[in-house]
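# Analysis of the macromolecular model
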Amino acid sequence: MKEELEIERDWLLKAMPQGITFNRVIQQYYFIEDDVFKRVRESNYVNHTEYHLTIKTPREDGKIGFIEAEKLISKEVFLDKVKMAHTYITKDRFTKPYEVNGVKLLWEIDNFTSIPLIKMEIELPEDEFDLPIPDDMSQLIVIETTGMKEFSNASLSKKLVF
C-alpha cells in the first residue's frame, strides 16, 4: 500500500457552493479486519469506476491530518470486503480548483445522499499553510469540523441493515 501524509481541513456547509463541477458518486464501507479499522470505496466517475482499500491512522505528532495508506483493488475484492462492513456512506462529490500564491489546490464538496449533510474539504501542502477562504465559500460555512471526530466520514456512516 502506498502511504501518504494527508493534511486536510473541512467544514460543514449550509448549502452547495456555486461554480462547482460534478466529479463522481462515492460509496464507502467501513469494517474491521485483523484488528484494524479499514475502508473500501467505490468511485463512479462519468467514464469509469475505481475501487480502493484505505487505512487512515492519526499522525503521531498530534497535528491535523492522517497517514493514509491506500491501494487500488478489483471489484471482486471490493465486494468481498463490503460483506465485512458494518457501516456505509454515499455521497456525490463536486470539485472546484483554487490557487493560493501559485499553489494549486482543490476544494472537494460532498453532498451526502445517505444523510442530509454537505461537507467541504481541502488538502493542504503543509501544516502551517495560510488558507484564505473565498467570500462565496465562507458565507456557506456553518462550522469548521477539522479534527472533530464526530464529523469524520466513519463517524457519519450509517449502520448496514441486511
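Everything here concerns the structure above.
The rules behind each value
- Residues numbered from 1 in each chain as written.
- Predicted model: local features only at pLDDT ≥ 70, side-chain atom pairs only at ≥ 80, totals over all residues.
- Heavy atoms only, no water.
- Helix = DSSP H or I, 4+ residues; strand = E, 2+ residues; numbered from the N terminus.
- Rg over C-alpha atoms; globule rule 2.2 N^0.38 Å.
- Buried < 20%, exposed > 50% of the residue type's maximum accessible area, 1.4 Å probe, protein only.
- Contact = heavy atoms within 4.5 Å.
- Areas by Shrake-Rupley, 256 points an atom, 1.4 Å probe, with all protein chains shown as cover.
- Lys, Arg positive; Asp, Glu negative; His and termini not counted.
- Charge placed at Lys NZ, Arg CZ, Asp CG, Glu CD.
- 1 Å grid on protein atoms, 1.4 Å probe; cavity = no way out; pocket = protein on both sides within 12 Å on 5 of 7 lines; lining within 4 Å.
- Points joined across faces, edges and corners; volume = space filled by probe spheres on them.
- Phe/Tyr/Trp six-rings, centres within 6.5 Å; stacked < 30°, edge-to-face > 60°.
- Salt bridge = Lys/Arg side-chain N within 4 Å of Asp/Glu carboxyl O.
- Core = buried A, V, L, I, M, F, W, Y, C linked by side-chain atoms within 4.5 Å.
- Arc of directions from axis to C-beta.

### Thoughts on the overall build of the protein chain
A count of helices and strands for the protein chain gives three helices and 10 strands. Here the protein chain has a C-alpha radius of gyration of 16 Å; the compact-globule value for 162 residues is 15 Å, and the two agree. For the protein chain, with 162 residues in total, the buried portion stands at 44%. Restricting the contact set of the protein chain to residue pairs at least 6 apart, pairs at least 24 apart contribute 61%. Looking at the protein chain as shown, the accessible area adds up to about 9,300 Å², and 51% of this sits on carbon and sulfur atoms. Counting 22 positive and 30 negative side-chain charges, the protein chain places the centres of these two groups 5 Å from one another.

### Remarks on the layout of surface pockets
Computed from the structure, the largest pocket encloses a volume of approximately 1,200 Å³. Considering the residues around the largest pocket, the lining is formed by 45 residues, among which E6, R39, K56, F66 and E68 are closest to the centre. Among the secondary structure elements, those contributing two or more residues to the lining of the largest pocket are β1 (2-13), β2 (21-33), β3 (36-44), β4 (49-58), β5 (66-72), β6 (87-100), β8 (117-124) and α3 (153-156). Among the elements that take part in the lining of the largest pocket, β4 stands out by supplying seven residues, more than any other.

### Quick notes on the packing of aromatic side chains
Evaluation of the coordinates by the stated rule reveals seven aromatic pairs. Ring geometry for Y29 and F78: centres 5.9 Å apart, planes at 70°, overall edge-to-face. You can see Y29 sitting in strand β2 and its partner F78 sitting in helix α1 (residues 75-82), a full 49 residues away along the chain. In terms of burial, Y29 and F78 fall into one category: buried. Look at Y30 and F37: their rings are 5.9 Å apart centre to centre, the planes differ by 10°, and that puts the pair in the stacked class.

### Remarks on the pattern of salt bridges
Taken as a whole and assessed by the stated rule, the structure comprises 15 salt bridges. As a salt-bridge pair, E108 and R93 come within 3.6 Å of each other at their nearest N and O atoms. Placement of the pair is E108 in strand β7 (residues 103-112) and R93 in strand β6, with a sequence separation of 15 residues. Judged by its relative accessible area of 14%, E108 falls in the buried class.

### Concerning the environment of I141
For I141, the position within the fold is in strand β9 (residues 141-144). Remark: the alpha-carbon pair of I141 and K14, spanning 127 residues in sequence, is separated by 6.4 Å. What I141 contacts, discounting residues up to four positions off in sequence, is W11, L12, L13, M120 and I133.

### Remarks on the nonpolar core
By size, the foremost hydrophobic cluster in this structure holds 17 residues, and its most contacted members are Y98, L105, W107, I109, M120, I122 and L131. Element by element, the count of residues in this core is highest for β8, at four residues. Excluding its chain neighbours within four sequence positions, the residues that come into contact with Y98 are V103, K104, L105, W107, I122, L131, P132, I133 and P134. The next biggest cluster of nonpolar side chains, apart from the first, holds 10 residues, and it includes V40, L53, I73 and A85.

### With respect to α1
Within α1 the residues assigned to the buried category are F78, K81 and V82. Seen from one end, α1 has its buried residues packed into an arc of 105°, which puts them on one side. Looking at the buried positions of α1, the neighbouring elements they touch are β2, β3 and β4.

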